[in-house]
Amino acid sequence: MFLRHSLKVALACILTACNGQKTLEPAELATMYAQPLAPPDKPLRVFYIGHSLVNKDVPMMLEQLAGTGHDHRSQLGWGASLRSHWEPDVPVNGFDVENAHPRYQDARQAVDSGRFDVLVLAESVEIKDAIKYQQSPKYIRQWARAARTANPQTRVYLYELWHELNDAKGWLERLDEDLALYWEGVLLAQGMAHGDTGGPVYVIPAGQVMARLVREVESRGGVDRLRSREDLFNVNDKGERDMIHLSPLGNYLVALTHYAVLYHRPPPTEPFDVQLVDGTPWKPISPELARLMSQVIWSVVTSYPKTGVAQSKP
């Protein structure tokens, strides 16, 4: 009996990082997403808080996908945590470089204005380190509370990210494991445990979309220009593969995922002409890859209630 009790205490300590942090059990967390959101009835104003995995191309691609009326602003940094964006005495690395563009807006002023329909939060990665050192759940709670204090109708989303392509545990393995373990089990479960965020923090499951698409593409031996997971990641001028930052193709996939979640619509099933943020036209993907991307994204989004999108019937 004593051993069983000790194991329970140890497990509880692990789950709450031994700091007394309140947390929601998985079933309690799930009930918060039982009722889907209504699809938006107008173009959205979106504010992004994050870093280079938001980058500037994803929001601009989304703006082109969504069409007239959609608008966005952002505050970004290099590997910046949500804590650094909130606390005035914690520096945001790369602030001057990442925000030297017309769509920058001060994050606290933007959120406090109540003018944005959507707030997208991107925590720094490695996610385990962000939880350990940057108090991630606390700052998800802070940003969500601030947004809904200013405007109770604000839709708040956590952008589920990925980790380095060469992760020792395995890239797909980490995507499979981390969703429930960290994104849900710590960031959401602890961030919303106090019941004062004005509603759920929803999820943009970019990592899950990438994992499902990669499995499908690699099982086929490649589709169009997407031959393997590496093609989702950038290559520098020296021909070296970036292990975490996306290629234009990867950014387009993520922008389509944002589109599906925020607008409750399947992404386009035909090739779509977009420009990169520097004005460079991006060569459209093939019809086959466009259809596959749309199908995979919509399948993930409508089988994961935490997106806030109405779910497909089993």
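Residues numbered from 1 in each chain as written. Predicted model: local features only at pLDDT ≥ 70, side-chain atom pairs only at ≥ 80, totals over all residues. Heavy atoms only, no water.

What the protein contains, in helices and strands, is 12 helices and 9 strands. Its C-alpha atoms give the protein a radius of gyration of 19 Å, near enough to 20 Å, the size a compact globule of 314 residues would have. With the C-alpha coordinates aligned to their principal axes, the bounding extent of the protein is approximately 60 × 45 × 45 Å. When the 314 residues of the protein are sorted by exposure, 52% land in the buried category. Considering only residue pairs separated by 6 or more positions, the protein has 73% of its internal contacts joining residues 24 or more positions apart. Of the accessible surface of the protein, which amounts to about 14,400 Å², a share of 53% is contributed by carbon and sulfur atoms. (Helix = DSSP H or I, 4+ residues; strand = E, 2+ residues; numbered from the N terminus. Rg over C-alpha atoms; globule rule 2.2 N^0.38 Å. Buried < 20%, exposed > 50% of the residue type's maximum accessible area, 1.4 Å probe, protein only. Contact = heavy atoms within 4.5 Å. Areas by Shrake-Rupley, 256 points an atom, 1.4 Å probe, with all protein chains shown as cover.)

What tends to happen in soluble globular proteins is that the nonpolar side chains get buried as a cluster. Ranked by internal contacts, the top residues of the largest apolar core, which has 98 residues, are Trp-162 and Leu-262. A total of 11 residues in this core trace back to one element, the largest contributor, which is helix α11 (residues 248–263). Not counting the four nearest positions on each side in its chain, Trp-162 is found in contact with Leu-53, Val-125, Trp-171, Leu-175, Ala-206, Met-210, Phe-233, Ile-244, Leu-246 and Val-254. (Core = buried A, V, L, I, M, F, W, Y, C linked by side-chain atoms within 4.5 Å.)

What follows is about the packing of aromatic side chains. Counted under the stated rule, the structure contains 9 aromatic pairs. Where Tyr-259 meets Tyr-263, the ring centres are 5.7 Å apart and the plane angle is 35 degrees; that geometry is what we call tilted. You can see Tyr-259 and its partner Tyr-263 sitting in helix α11, 4 residues apart, about one turn around the helix. Just as Tyr-259 is buried, Tyr-263 falls in that class too. Members of the aromatic cluster, joined through ring pairs, are Tyr-33, Tyr-157 and Tyr-202. (Phe/Tyr/Trp six-rings, centres within 6.5 Å; stacked < 30°, edge-to-face > 60°.)

With that settled, consider the pairing of strand β2 (residues 71–75). Within β2, 4 of the 5 residues are buried, which leaves the element mostly enclosed by the surrounding structure. Pairing between strand β1 (residues 45–49) and β2: 5 bridges, direction parallel. Looking at β2, one finds that Ile-49 is bridged to Gln-75. The β-α-β motif built from β1, the intervening helix α3 (residues 57–66) and the parallel element β2 has right-handed crossover chirality. (Pairing = 2+ DSSP bridges. Right-handed = clockwise from strand over helix to strand, strands pointing away.)

Position of Thr-68 among the secondary structure elements: in the loop between α3 and β2. C-alpha separation for the pair Thr-68 and Leu-44, spaced 24 residues apart in sequence, amounts to 10.0 Å.

Another point: the sheet that holds β2. An order of β2-β1-β3-β4-β5 is seen for the 5 strands of this open sheet, with the pairing classed as parallel. At either end of the open sheet lies a strand with only one pairing partner, and these are β2 and β5 (202–204). Taken pair by pair, the neighbouring strands of this sheet meet at an average axis angle of 25 degrees, ignoring direction. The sheet contacts of α11 involve β1, β3 (118–121), β4 (155–159) and β5, and relative to β5 the element is tilted by about 150 degrees. (Axes fitted to C-alpha atoms, helices over the stretch in contact; angles between N-to-C directions.)

Limitation: the analysis is restricted to geometry and does not speak to function.
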